Amino acid sequence: MNITIRTKIVLIFTIILAVTIVLSLYSITVSRDSLADSVGISSIILAENTIKRMDNAIYQNIHDLQLYSREELIQKTVFNSNTAFQQMDDIQSYVKQRDREWISTPQDKETGFMRNLAASQLSEDLRNKFVTYWKIKYGYDFYEEIFVTNKFGANAAQSQRTSGYYHADEEWWNIARENGFYVSQIEFDESARTFTIIIAVSIYDDKEDFAGVIKAVISIKGIIKESEILSKKYDTTEIQVITDDGKLIYSSKPFRFLEDLSSQDFYKNIKNKSGYFISKEGEREKLFSYAKSAAYKDFSGMNWVVITSYDTNEVFKSVHILRNNILLVSSISILIILVISIYIYLSITNPLYKMIEASQEIAEGNLDKKVDVTSKDEIGQLGEAFNVMTQELKESY
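Computed from a prediction, not measured in an experiment: that's the story for all the values here.

A. Here's a closer look at the pattern of salt bridges. Taken as a whole and assessed by the stated rule, the structure comprises eight salt bridges. As a salt-bridge pair, Arg-70 and Glu-208 come within 3.0 Å of each other at their nearest N and O atoms. Of the two residues, Arg-70 is situated in the loop between helix H1 (5-68) and helix H2 (72-86) and Glu-208 in the loop between strand E5 (194-204) and strand E6 (210-219); the sequence distance between them amounts to 138 residues. A salt bridge links Glu-238 to Lys-286; its shortest N-O distance comes to 3.3 Å. Note that Glu-238 is positioned in strand E7 (residues 238-243) and Lys-286 in strand E11 (residues 284-292), a separation of 48 residues in sequence. Classification of Lys-286 by relative accessible area gives buried; the value is 0%. Several salt bridges share partner residues, and in doing so they unite Glu-71, Asp-125 and Lys-129 into one network.

B. Here's a closer look at the nonpolar core. Ranked by size, the top nonpolar core spans 43 residues in total, and within it Val-148, Ile-197 and Trp-304 carry the most contacts. Looking at this core element by element, the count peaks at eight residues for H1. Among the nonpolar cores identified, the runner-up in size contains 21 residues, and Trp-102, Met-114, Leu-117 and Tyr-182 belong to it.

C. Layout of unusual backbone geometry. Here the phi dihedral of Leu-258 falls at roughly 65 degrees; this positive angle occurs in a residue that is not glycine. Within the secondary structure layout, Leu-258 lies in the loop between strand E8 (247-251) and strand E9 (259-260). Taking relative accessible area as the criterion, Leu-258 reaches 43% and is therefore assigned partly exposed. A positive phi angle is found at Asn-303, which is not glycine, with a value near 55 degrees.

D. Seen up close, the sheet that holds E9. On the basis of which strands lie adjacent, the open sheet formed by six strands has the order E9-E8-E7-E12-E11-E10 and antiparallel pairing. Each edge of the open sheet carries a strand with a single partner, namely E9 and strand E10 (274-281). Examined bridge by bridge, E11 and strand E12 (residues 304-311) share seven bridges and lie antiparallel to one another. Pairing of Tyr-290 across the sheet is with Ile-307, part of E12.

E. Examining the pairing of E8 more closely. Judged by how many residues are buried, E8 sits mostly within the fold: four of five residues are covered. Inspection of the sheet shows E7 paired to E8 by three bridges, in the antiparallel sense. Paired with Val-241 across the two strands is Tyr-250, which belongs to E8. Between E7 and E8, which pair antiparallel in sequence order, lie three residues; one of them, Gly-246, sits at a positive phi of approximately 90 degrees. In this structure, E8 lies alongside E9, joined through two bridges in antiparallel fashion. Looking across to E9, one finds that Leu-248 is bridged to Glu-259.

Conventions adopted
- Residues numbered from 1 in each chain as written.
- Predicted model: local features only at pLDDT ≥ 70, side-chain atom pairs only at ≥ 80, totals over all residues.
- Heavy atoms only, no water.
- Salt bridge = Lys/Arg side-chain N within 4 Å of Asp/Glu carboxyl O.
- Helix = DSSP H or I, 4+ residues; strand = E, 2+ residues; numbered from the N terminus.
- Buried < 20%, exposed > 50% of the residue type's maximum accessible area, 1.4 Å probe, protein only.
- Core = buried A, V, L, I, M, F, W, Y, C linked by side-chain atoms within 4.5 Å.
- Pairing = 2+ DSSP bridges.

This is the structure:
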């Protein structure tokens, strides 16, 4: 099959154009993927550091309470409380009666018994070292509540009035007694309008026998707000903390506490300990990075997942600029190729046109009149040959 010169030039031009476009698109895709890798990996590291920092902060509070439980004042107070209880004939009847009186007393009132507990030396120490100190440091109530029970579960000291007097029938108290400490899942404290966790640690006497429990209700506002600030890389950054079963416990944007996100598309991509992916949230395409809580020393972690997300329009803004620049350069390149192709095309076809015209003149015998008959016959034969060549050139063109 014969291919004309025109077809060949068009084909060459088309191939060059296609290669240029493909290379341009490939460069854009590679740039987008490279940027996604860069942002995703750095965000994973940030999320991992954030969740480690949160676990470490909670562990540090456990450690601080354990150290405090060894101080002389708390050891003495708990020892005296336990000794007094052991001298009673019916401990259970006593604590239950006190607990009923405690619960039945209106919240805006206190009995003399309550005031005496709150005015003790240990209660004052709890307020000074935990409630007041941390409020001055953070500017809000970090320790919402802290109190101490004896080994029978009754209050021995308290920073403020507690919900009850007897606690040995509560989960946190029993787990702390059995395991040495207890950490609850995050809860929303309606009265304080903040997110809190319960930390309870066992108190041991000088013989390492169980002597009581310290319970602290701690706000995690400072920990999470610090994480939010450190993770803010873009204007569209959103920080979320969810439980391992998909319940939302914090978001940097307005949210509904314990909202179930397990049916969301992005949640289905959270499979490993950490990672990143691109997924849609509503109508927006977002880049998500996440990290799950891990064990820290003898603390198993909170089973939380920290998620950072950014709108891809903002993340890939530089890629879009690069794409536009590449398309501009490609357009200029295509124009240059087009001019060069036209020039090559004309440089080939113009001489061919002249050859075709000359061969037609020869074929028609339009020669000098002075040529003799014999010569004309020969020229006629030559004209026929040129005629054939002309036809071939036309077909080739």
